[in-house]
Amino acid sequence: MDPLKLVELMEEEGKKRNAPVFLHNSSLEPWQILIATVLSARTRDEQTAKASENMFSKAKSLDEIAEMELDEIERLIKPVGFYKVKAKRIKAIAEILKGKKFPETIEELLALPGVGRKTANIVLAYMGKPAIAVDTHVHRIANRLGIVNTKKPEQTEEELKKIFPVELWGRVNSAFVGFGQTVCLPRNPKCDECPLNGFCKSSNLKKDF
Ligand code: SF4
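> How would you summarise helix H3 (residues 45-58) if you had to cite specific residues and measurements?
Across its 14 residues, H3 extends 20 Å between first and last C-alpha, which sits within 8% of the 20 Å expected from 1.5 Å per residue. When we look at burial in H3, the residues that qualify are Thr 48, Ala 51, Ser 52, Met 55 and Phe 56. All buried residues of H3 fall inside an arc of 125 degrees around its axis, so they share one side. Every exposed residue of H3 that faces more than 90 degrees away from the buried side is listed here: Glu 46, Glu 53 and Ser 57. Looking at the buried positions of H3, the neighbouring elements they touch are helix H2 (30-40), helix H4 (62-67), helix H5 (70-76) and helix H6 (83-97).

> How would you summarise the domain arrangement of the protein if you had to cite specific residues and measurements?
Taken domain by domain, the protein holds domain 1 (3-17 + 132-208) and domain 2 (30-126). Facing the nine residues of domain 1 at the interface are six residues of domain 2. In this assembly, domain 1 packs against domain 2 so that about 540 Å² is buried in total across both faces, 52% of it on carbon and sulfur atoms. Our enumeration of links across domain 1 and domain 2 arrives at one salt bridge. Here Arg 117 and Glu 157 are joined by a salt bridge, their closest N and O atoms 2.9 Å apart. Joining domain 1 to domain 2, the criterion identifies three residue pairs in polar contact (both at pLDDT 80 or more). Secondary-structure elements contributing two or more residues to the side of domain 1 that touches domain 2 are helix H10 (153-163) and helix H11 (169-182). No other element matches H10, which puts three residues into the side of domain 1 that touches domain 2. Within the side of domain 1 that touches domain 2, the residues separate by chemical class into three nonpolar, two polar and four charged.

> Can you explain the environment of Lys 100? Please cite residues and give values.
Secondary-structure assignment places Lys 100 in the loop between H6 and helix H7 (106-110). Judged by its relative accessible area of 56%, Lys 100 falls in the exposed class. Sequence separation of Lys 100 and Glu 67 is 33 residues, and the distance between their C-alpha atoms is 15 Å. Separated by 2.7 Å, the side chain of Lys 100 and the backbone oxygen of Ile 96 make a polar contact.

> Can you explain the pattern of salt bridges? Please cite residues and give values.
In total, this model carries 14 salt bridges according to the counting rule given. In this structure, Arg 171 engages Glu 11 in a salt bridge whose closest nitrogen and oxygen atoms are separated by 2.9 Å. Residue Arg 171 is located in helix H11, and its partner Glu 11 is located in helix H1 (residues 3-16); the two are separated by 160 residues in the primary sequence. By relative accessible area, Arg 171 is classed as partly exposed at 31%. Classification of Glu 11 as buried rests on a relative accessible area of 10%. Note that Glu 193 and Arg 17 form a salt bridge whose closest N and O atoms lie 3.0 Å from each other.

> Could you give an account of the environment of Gly 146, naming the residues involved and the relevant values?
Here Gly 146 lies in the loop between helix H9 (136-145) and H10. Given the relative accessible area of 31%, Gly 146 is considered partly exposed. Taking the C-alpha atoms as reference points, Gly 146 and Ser 202, 56 residues apart in sequence, are found 7.6 Å from one another.

> Provide a residue-level description of the packing of aromatic side chains, including the pertinent values.
All told, the structure shown has two aromatic pairs when counted by the stated rule. Taking 5.5 Å as the distance between ring centres and 80 degrees as the angle between the ring planes, the aromatic pair formed by Trp 31 and Phe 56 counts as edge-to-face. Here the residue Trp 31 occupies a position in helix H2, and Phe 56 occupies one in helix H3, the gap between them amounting to 25 residues. Of the two residues examined, Trp 31 and Phe 56, each falls in the buried class. Both rings, one in Phe 164 and one in Phe 176, keep their centres 6.3 Å apart while their planes meet at 85 degrees; by these two values the pair is edge-to-face. Note that Phe 164 is positioned in the loop between H10 and H11 and Phe 176 in helix H11, a separation of 12 residues in sequence. For the pair Phe 164 and Phe 176, one class covers both residues: buried. Across the ring face of Phe 82, the terminal group of Arg 42 is positioned such that the distance to the ring centre comes to 4.6 Å.

Criteria and thresholds
- Residues numbered from 1 in each chain as written.
- Predicted model: local features only at pLDDT ≥ 70, side-chain atom pairs only at ≥ 80, totals over all residues.
- Heavy atoms only, no water.
- Helix = DSSP H or I, 4+ residues; strand = E, 2+ residues; numbered from the N terminus.
- Expected span 1.5 Å × (residues − 1).
- Buried < 20%, exposed > 50% of the residue type's maximum accessible area, 1.4 Å probe, protein only.
- Arc of directions from axis to C-beta.
- Contact = heavy atoms within 4.5 Å.
- Domains from an automatic or database assignment.
- Buried area = accessible area lost by both parts, 1.4 Å probe.
- Salt bridge = Lys/Arg side-chain N within 4 Å of Asp/Glu carboxyl O.
- Polar contact = N/O pair within 3.5 Å; in protein donor to acceptor, adjacent residues only side chain to side chain.
- Nonpolar A, V, L, I, M, F, W, Y, C, P; charged D, E, K, R; others polar.
- Phe/Tyr/Trp six-rings, centres within 6.5 Å; stacked < 30°, edge-to-face > 60°.
- Lys NZ or Arg CZ within 6 Å of the ring centre and 35° of its normal.

So, in structure tokens, the structure goes:
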């Protein structure tokens, strides 16, 4: 299938079904995307949104977060899981970046505490840099479709970069995530409602899910 068509079909389906990924506030600054992504690890979207809202209503920059007491950050982000670990990470990141230019490369982002490839790529893609963030949705759906055959998200990232032209990289994550939140669910994917049913290598293998 044409890569653009694939992205468009997934986006259309996710938007039609109000996928949470498309409800995010696009007026956020990159540092806010970084903090929100750190908050989102192993946490539901609603709790991430609540904790992010608490943080961003209190702190208007990383410099301000660097000045905050750890227990205040903990209190603000308490809706998310592992909030004590995440509070320490957020404060450490803010202290490292205090007074500095926000990172613009994957190397700089990966050097920050607790920041892995997925988070770094989400931030870079948001900044309009060429990056594909592979999270659990992207990894699962790409393998189900059969466009990749990979074990690890890093391998999926490499393969997807070969499949999708660079001008589409920034749309891949949200297209796959929205599709994964609404149609190609982790369990019991809605194959009978899926527009990719005829193309997908797993569409008739529901028993395998
Ligand atoms: S046919 Fe089923 S497994 Fe394949 S992409 Fe659609 S929902 Fe996912």
